[in-house]
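Letter by letter, the chains look like this.
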Amino acid sequence: MRIILFSVFFISFFSNGQSNYPQDYFTNPLEVPIVLSGTFAELRSNHFHSGMDIKTQHRTGLNVVASADGYISRIKVSHWGYGKALYITHPNGYTTVYGHLSKFAPEIEAHVKKLQYEQESYEIEDFPKAGVLNVTKGSLVAYSGNTGGSGGPHLHFEIRDKEERPMNPMLFGINTADTTNPIVKSIYAFPLDDKSFINGKNSKQKLTLAPLKGGDYTTEIIDAIGNIGFGIETIDRLDLAPNSNGVYNIQSFVNGTQNYELDFKRFSFSETKHINQLIDYETYTTSKKRIQKLFKINNPLSIIKPLVNDGIVEVQDQTSMVYKIRVSDFESNSSWVTIHINGKTDSLAQAETPKVTPYFINANQTTNLKEGRVSVDFYKDTFYENFYMDFEVKNDTVKLHEDVKATKKNFKITFDVSHYNEADRSKLYIAQLIGNIQKPSYISTKKEDNLLIGSTKKLGTYTIASDTIAPTIRPANFSNEQWISNHSELKIKISDDASGISKYRATINGKWILMEYEYKNNTLTYDFSDHIINETKNNFKLIVTDNVGNNSTFEALFYRK
Ligand SMILES: [Zn+2]
């Protein structure tokens, strides 16, 4: 009996449990070999990457094919996020997602254009029923692109389970060569209460990482006492591309016993925000390094397997321990880090006293902070921990700590602007002051009577800003009264320096036309193949509105045969 149990354990351990997932069901959604610029669950800002990013040879317009038989169950066109995206539901219950597309295949494109013209909106979302837009495995569904929040041409590809949880597509055999071990960039040790110390210090310590032969690592021996934890900064590289990717699995061991695991097979969208509690958020916002903590404090992430004592290591005086970390990629290439710990009480060590302010935040309670014309509402469960907030109001600027505490939800900042005269008041918005130069950046602002109400998730400094300048509009490929019979598109550049573009509306001869907005290059594009016009002399009109309501109108005549 014992032998059988062991063999079952080893089979599932060494095969990544892939036998649970169909291996030939899904095919490469592109007709070019898979080279990845992003892996599943890699660490991004405020979320885990929910799919794999497949490179498209620096081009847009590559054929995107259905990864398996099924039907188009959702189509979303958005200025942000996935840009133009398709969702295909398959008979086995999984859904595949294709993002940042430039265009859909003709039948789907016609379906989308119809909705866009009916709704007079570039942004649409539709949930076609089974049978309306059926697809077969390998059939053309779209063309790859760079729409939405994409930093260069690629296809974002996801496989989701029945509960809409994204899963690692590699589990289904969509894969690429990887023959090198993950790279460890840094290791940190964290004392986890005021009675715990590492090398005599009560604050997180960066350890000195020494590479060993064969790709493993060790650090200096540390003296420690009390409850401590470790964190790791690590990446993986694949054979066909030089970029950094996420790793697949991280395990830690105390004296040979596994005590913790991060397993990046699957997560749900409702928990992706807790990435900010998985990483050391302060290090991330101050130095952009993502240190993944190998201990669990107030973190409900399902990728965490807290096997022993939530990954926390209890170090006692006069003992020695060996702590090891194993980082693996999907192909089970692994790198080990070994840390020797000596338990040592340091009679001189003193805990650092936290900065005490009058503004104590109890994470379990609602908190209102008010001073002068500013009022801030933090809801229950906004933060992961209790702390003393740095809160300061000067004129129309409020300092809400530094952006070093992770949050779970938005909070509300309210400014009373009744001291502005009515004309000026209508031009105001709430801005976050960003970086060393304190550049004002618009945050979502509502206006109610004499109040500006902002909603944000980030601590930092916020102020009232004013935008009195309407957006600029400039034709990019035509001029007034020009003959443009050979143009396939109309292109216009739009921009707004202060509060940013909120909306736009374009017409030709009074009829609404679809203009695709690409915020990354400030361009609006109309495609003449939409066949909206059949006259020679045409009147083009565009109104662009910024986030406080300033409008610009541009009109031009053009001729076409
Ligand atoms: Zn992606």
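This one's a predicted model, so the numbers in the text were calculated from it and none came from an experiment. (Residues numbered from 1 in each chain as written. Predicted model: local features only at pLDDT ≥ 70, side-chain atom pairs only at ≥ 80, totals over all residues. Heavy atoms only, no water.)

Peer 1: Please explain the overall build of the protein as it appears in this structure.
Peer 2: Along the protein, the regular secondary structure elements total five helices and 48 strands. Seen through its principal axes, the protein has C-alpha atoms that stretch 90 × 65 × 40 Å. Counting the 561 residues in the protein, one finds 51% classified as buried. In the form shown here, the protein has an accessible surface area of approximately 26,300 Å², with 50% of it arising from carbon and sulfur atoms. Of note, the protein has its 62 positive side-chain charges centred 1 Å away from the centre of its 63 negative side-chain charges. (Helix = DSSP H or I, 4+ residues; strand = E, 2+ residues; numbered from the N terminus. Buried < 20%, exposed > 50% of the residue type's maximum accessible area, 1.4 Å probe, protein only. Areas by Shrake-Rupley, 256 points an atom, 1.4 Å probe, with all protein chains shown as cover. Lys, Arg positive; Asp, Glu negative; His and termini not counted. Charge placed at Lys NZ, Arg CZ, Asp CG, Glu CD.)

Peer 1: Before we go on, may I ask you to explain the sheet that holds strand E35 (residues 428-434) in this structure?
Peer 2: Strand pairing in a sheet is mediated by backbone hydrogen bonds. Such pairs are either parallel or antiparallel. One open sheet accounts for five strands, arranged E32-E33-E39-E35-E36; its pairing is antiparallel. Looking at which strands have only one partner, the edges of the open sheet turn out to be strand E32 (391-394) and strand E36 (439-442). Averaged over all pairs of adjacent strands, the angle between their axes in this sheet comes to 30°, without regard to strand direction. In this sheet, strand E39 (residues 460-466) lies alongside E35 in antiparallel orientation, the contact comprising six bridges. Each bridged residue has a counterpart across the sheet, and for Gln432 the counterpart in E39 is Tyr462. (Pairing = 2+ DSSP bridges. Axes fitted to C-alpha atoms, helices over the stretch in contact; angles between N-to-C directions.)

Peer 1: Sorry if this is basic, but what is going on with the coordination of the zinc ion here?
Peer 2: Ideal geometry at a metal centre: 109.5 degrees between donors when four sit tetrahedrally, and 90 or 180 degrees when six sit octahedrally. Protein-derived coordination of the zinc ion comes from His49 (NE2), Asp53 (OD) and His156 (ND1), at a distance range of 1.9 to 2.1 Å. Taken in chain order, the donor set of the zinc ion reads H-x3-D-x102-H. Here His49, found in the loop between strand E3 (47-48) and strand E4 (52-55), pairs with His156, found in strand E13 (residues 154-160); they are 107 residues apart in sequence, far enough to count as distant. For the pair His49 and His156, a shared accessibility class is recorded, and that class is buried. (Donors = N, O, S within 2.8 Å, 3.2 Å for Na, K, Ca; no water.)

Peer 1: Just checking my understanding: could you explain the pattern of salt bridges for this structure?
Peer 2: Pairs may arise between side chains of opposite charge once their charged atoms sit close together. Counted by the stated rule, this structure contains 28 salt bridges. By sharing partners, the salt bridges in this structure join Asp161, Glu163, Arg165 and Arg266 into a single network. (Salt bridge = Lys/Arg side-chain N within 4 Å of Asp/Glu carboxyl O.)

Peer 1: Please explain the sheet that holds strand E12 (residues 140-143) as it appears in this structure.
Peer 2: An order of E5-E12-E9 is seen for the three strands of this open sheet, with the pairing classed as antiparallel. Both edges of this open sheet fall to strand E5 (63-65) and strand E9 (103-104), since each of them pairs with a single strand only. Sheet analysis places E5 next to E12, joined by three bridges and oriented antiparallel. When the sheet's bridge partners are listed, Asn63 is paired in E12 with Tyr143.

Peer 1: Would you mind showing me how to read the packing of aromatic side chains here?
Peer 2: The full count for this structure, using the stated rule, is 28 aromatic pairs. A centroid spacing of 4.7 Å and a plane angle of 50° characterise the contact between Phe378 and Phe411, whose relative ring orientation is tilted. Of this pair, Phe378 sits in strand E30 (residues 374-378) while Phe411 sits in strand E34 (residues 411-416), placing them 33 residues apart in sequence. The class of Phe411 is buried, set by a relative accessible area of 1%. Aromatic side chains Phe383 and Phe387 sit 5.0 Å apart centroid to centroid with 80° between the ring planes, which places their arrangement in the edge-to-face category. Like Phe383, the residue Phe387 is buried in the burial classification. Taken together, the aromatic side chains of Tyr21, Tyr25, Phe26, Tyr94 and Phe172 make up a single cluster linked through ring pairs. Over the aromatic face of Tyr284 sits the side chain of Lys288, whose NZ or CZ is 4.5 Å from the ring centroid. Note that Lys520 overlies the ring of Tyr519, its terminal NZ or CZ placed 5.3 Å from the centroid. (Phe/Tyr/Trp six-rings, centres within 6.5 Å; stacked < 30°, edge-to-face > 60°. Lys NZ or Arg CZ within 6 Å of the ring centre and 35° of its normal.)

Peer 1: Quick question: what am I supposed to make of the nonpolar core here?
Peer 2: Generally speaking, a soluble globular protein has its nonpolar side chains buried in company with each other. If you look at the biggest cluster of nonpolar residues, it comprises 68 residues, and the most contacted ones within it are Leu86, Ile108, Ile492, Phe540 and Leu542. Residue contributions to this core peak at four residues, all from strand E43 (residues 501-508). Counting residues in hydrophobic clusters, the runner-up holds 39 residues, among them Leu43, Phe48, Phe230 and Ile325. (Core = buried A, V, L, I, M, F, W, Y, C linked by side-chain atoms within 4.5 Å.)

Peer 1: Is there a simple way to think about the pairing of strand E20 (residues 222-235) in this case?
Peer 2: Note on strand geometry: in a regular strand, side chains alternate between the two faces of the sheet. When you tally the buried positions in E20, you get 12 out of 14 residues, the bulk of the element. Alignment of strand E15 (residues 183-191) against E20, held across eight bridges, turns out to be antiparallel. Bridge pairing in E20 places Ile187 opposite Ile232. Both E20 and strand E27 (residues 334-343) contribute to a ladder of three bridges, which runs parallel.

Peer 1: Which parts of the structure should I look at to understand the pairing of E35?
Peer 2: Summarising burial for E35: six of the seven residues are buried, a large majority. Where E35 meets E36, four bridges bridge the pair, whose relative direction is antiparallel. Bridge pairing in E36 links Leu433 to Pro440. Between E35 and E36, which pair antiparallel in sequence order, lie four residues; one of them, Gly435, sits at a positive phi of approximately 75°.

Peer 1: What am I meant to see in unusual backbone geometry here?
Peer 2: A negative phi angle characterises most non-glycine residues, just as the trans form characterises most peptide bonds. With phi around 45°, Asn255 is a residue other than glycine that occupies positive phi space. Of note in this structure, Glu481 is not a glycine but carries a positive phi near 65°.

Peer 1: Honestly, helix H2 (residues 106-119) in this entry has me stumped. Any pointers?
Peer 2: One turn of an α-helix holds 3.6 residues; hence residues three or four places apart share an orientation. Here H2 contains 14 residues, and its C-alpha end-to-end distance of 20 Å stays within 8% of the 20 Å for a straight helix at 1.5 Å per residue. Along H2, the positions that sit buried rather than exposed are Ile108, Glu109, Val112, Lys113, Leu115 and Gln116. Buried residues along H2 cover an arc of 165° about the axis, so they all sit on one side. Those residues of H2 that are exposed and angled more than 90 degrees off the buried face are Pro106, Glu107, Lys114 and Glu118. Elements that come into contact with the buried residues of H2 comprise strand E6 (70-77), strand E7 (84-89), E9, strand E10 (124-126), E12 and strand E44 (511-512). Of the residues one or two after H2, Glu120 is the one with positive phi, at around 45°. (Expected span 1.5 Å × (residues − 1). Arc of directions from axis to C-beta. Contact = heavy atoms within 4.5 Å.)

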